[in-house]
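One letter stands for each residue in the lines below.
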Amino acid sequence: MPIIEQSDYNFPSIMHRNRHISTIYAALFKKFDVPQYTRAKHELNDGDFINIDFVINDSKKAVILCHGLEGDSRRTYNNSCATYFQQKGFSVFAWNNRTCGGEMNRLPRLYHHGAVDDLDEVVQFVLNKGFEDVYLIGYSMGGVQLLNYLGWTKIDMRIKAAVSISVPTHIATSAEVLKQGFNRVYLKNFTIDIKRKLKYKAAQFPDFINSDQIDKITSFDEVDQYFTAPLHGFASRDDYYERVSPEFSLINITTPVLIINSLDDPFLGERCYPRAIAQESAFVYLETPKYGGHCAFPLRNSTYSYAEKRAFDFFESCKSA
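Conventions we followed
Residues numbered from 1 in each chain as written. Predicted model: local features only at pLDDT ≥ 70, side-chain atom pairs only at ≥ 80, totals over all residues. Heavy atoms only, no water. Phe/Tyr/Trp six-rings, centres within 6.5 Å; stacked < 30°, edge-to-face > 60°. Helix = DSSP H or I, 4+ residues; strand = E, 2+ residues; numbered from the N terminus. Buried < 20%, exposed > 50% of the residue type's maximum accessible area, 1.4 Å probe, protein only. Lys NZ or Arg CZ within 6 Å of the ring centre and 35° of its normal. Core = buried A, V, L, I, M, F, W, Y, C linked by side-chain atoms within 4.5 Å. Contact = heavy atoms within 4.5 Å. Pairing = 2+ DSSP bridges. UniProt positions renumbered as here; feature names shortened; annotations may be inferred. Axes fitted to C-alpha atoms, helices over the stretch in contact; angles between N-to-C directions. Parallel < 35°, antiparallel > 145°, perpendicular 65-115°, else oblique. Nonpolar A, V, L, I, M, F, W, Y, C, P; charged D, E, K, R; others polar.

**Digging into the packing of aromatic side chains**
Each aromatic ring pair is characterised by the separation of its centres together with the angle its planes make. Under the definition given, this model contains 27 aromatic pairs. Residues phenylalanine 190 and phenylalanine 267 carry aromatic rings whose centres are separated by 5.9 Å and whose planes lie at 80° to one another, so their mutual orientation is edge-to-face. You can see phenylalanine 190 sitting in helix H6 (residues 183–204) and its partner phenylalanine 267 sitting in the loop between strand S8 (257–260) and helix H10 (275–280), a full 77 residues away along the chain. On the basis of relative accessibility, which here comes to 16%, the residue phenylalanine 190 falls in the buried class. Assessed through its relative accessible area of 8%, phenylalanine 267 is described here as buried. Ring pairing ties together the aromatic residues Phe32, Tyr84, Phe85, Phe90, Tyr135, Tyr285, Tyr304, Phe312, Phe314 and Phe315, which thus form one cluster. Across from the ring centre of phenylalanine 49, 4.5 Å away, lies the NZ or CZ of lysine 41, which sits over that ring. Stacked on the ring of phenylalanine 54, the Lys or Arg lysine 129 has its end atom at 5.4 Å from the ring centre.

Structure representation (structure tokens):
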């Protein structure tokens, strides 16, 4: 019954007990230097590519970082996590989904919550460098990709454990929550970025993308019904949400994974706290701190967050077990 009833993250500063302050601070105001990465343009089997940023040391252990929606390898949460794990002796690989990381991809395909084939390309890229112990960390959408990867694919024995942070395990309820109250501010920011990217794609591939639909976007309803679903082989938005929601793949996971979802996360719906599944699974651990916001978890008197420290502790506990 791997539910962590008492999280160690319970006493952030008074200011950061507000879900929106915590979330916005982490996204806009917190700064952390980008590691001294090397970038590899990794060619994919379908003729496209993804960019992988990495820094390698002499150890045989590595961590792969998966970014969130409209993020990239150099988001602040990735930078602090990468630096923390470097200091712990890990090599770090932070990958960029297609269209992310400052360089548009070649094909009409974008990225989505079920893009486990691209994540597998990153995993194979890392394993081919000879690492013996590989760990995965995913934030928000990256956490969804991570969970689906663990639940859908045959996992190499060198993948030892994973941590999924601020993850919408049920996509439909998360999409609905983002339409409510102040959360619409986050939704608007997402749609502005996505519309800009879709307009670029429409100019590239006018036969694949209907540019007239782009200006009608007001929420993820339109994004996923008219673009995400048809571009990636899903019958509809609802079909996409059901098929890529980790709620339906968690039961298949046989690699230790910790889900850290704060109870005050403004992005998560009521079905994003899979307690019943965690109670039955020997591999899915669920930790639900009272505070933390979305991809935030700030700590007093530290430039790091609780998330990366907790991830390292979880990996150490799995190694000991």
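That was the structure; now back to the text.
**Considerations on the nonpolar core**
For soluble globular proteins, nonpolar side chains are generally found buried alongside one another. Counting 63 residues, the largest nonpolar core has Ile64, Phe93, Leu136, Leu150 and Phe220 as its most contacted members. Top contributing element to this core by residue count: helix H3 (residues 116–127), with seven residues. If sequence neighbours within four positions are ignored, leucine 150 has contacts with Leu136, Ile155, Ala162, Asn252, Ile253, Thr255 and Val257. Among the nonpolar cores identified, the runner-up in size contains 33 residues, and Leu65, Cys81, Ile165 and Phe297 belong to it.

**With respect to the pairing of strand S2 (residues 38–43)**
The pairing of S2 with strand S3 (residues 49–55) spans six bridges and is antiparallel. Paired with glutamate 43 across the two strands is phenylalanine 49, which belongs to S3. If you look at the hairpin formed by S2 and S3, you'll find five residues sitting between the two strands, and glycine 47 has a positive phi there, around 95°.

**With respect to the UniProt feature "domain: AB hydrolase-1" (unreviewed entry) in the protein**
The feature "domain: AB hydrolase-1" (unreviewed entry), as given by UniProt, occupies residues 62–297 in the numbering adopted here. Along residues 62–297 the backbone is 40% helical and 14% strand, and the end-to-end C-alpha distance reaches 23 Å.

**With respect to the packing of H3 against helix H4 (residues 141–152)**
Packed helix pairs are characterised by how far apart their axes lie and by the angle those axes make with each other. One can describe the packing of H3 onto H4 by two numbers: an axis separation of 9 Å at closest approach and a directional angle of 85°. Classed by the angle they form, the pair H3 and H4 counts as roughly perpendicular. In contact with Val116, Leu119, Asp120, Val123 and Gln124 of H3, H4 contributes Gln145, Leu146, Asn148, Tyr149 and Trp152. Taken together, the residues of the contact of H3 with H4 break down into six nonpolar, three polar and one charged.

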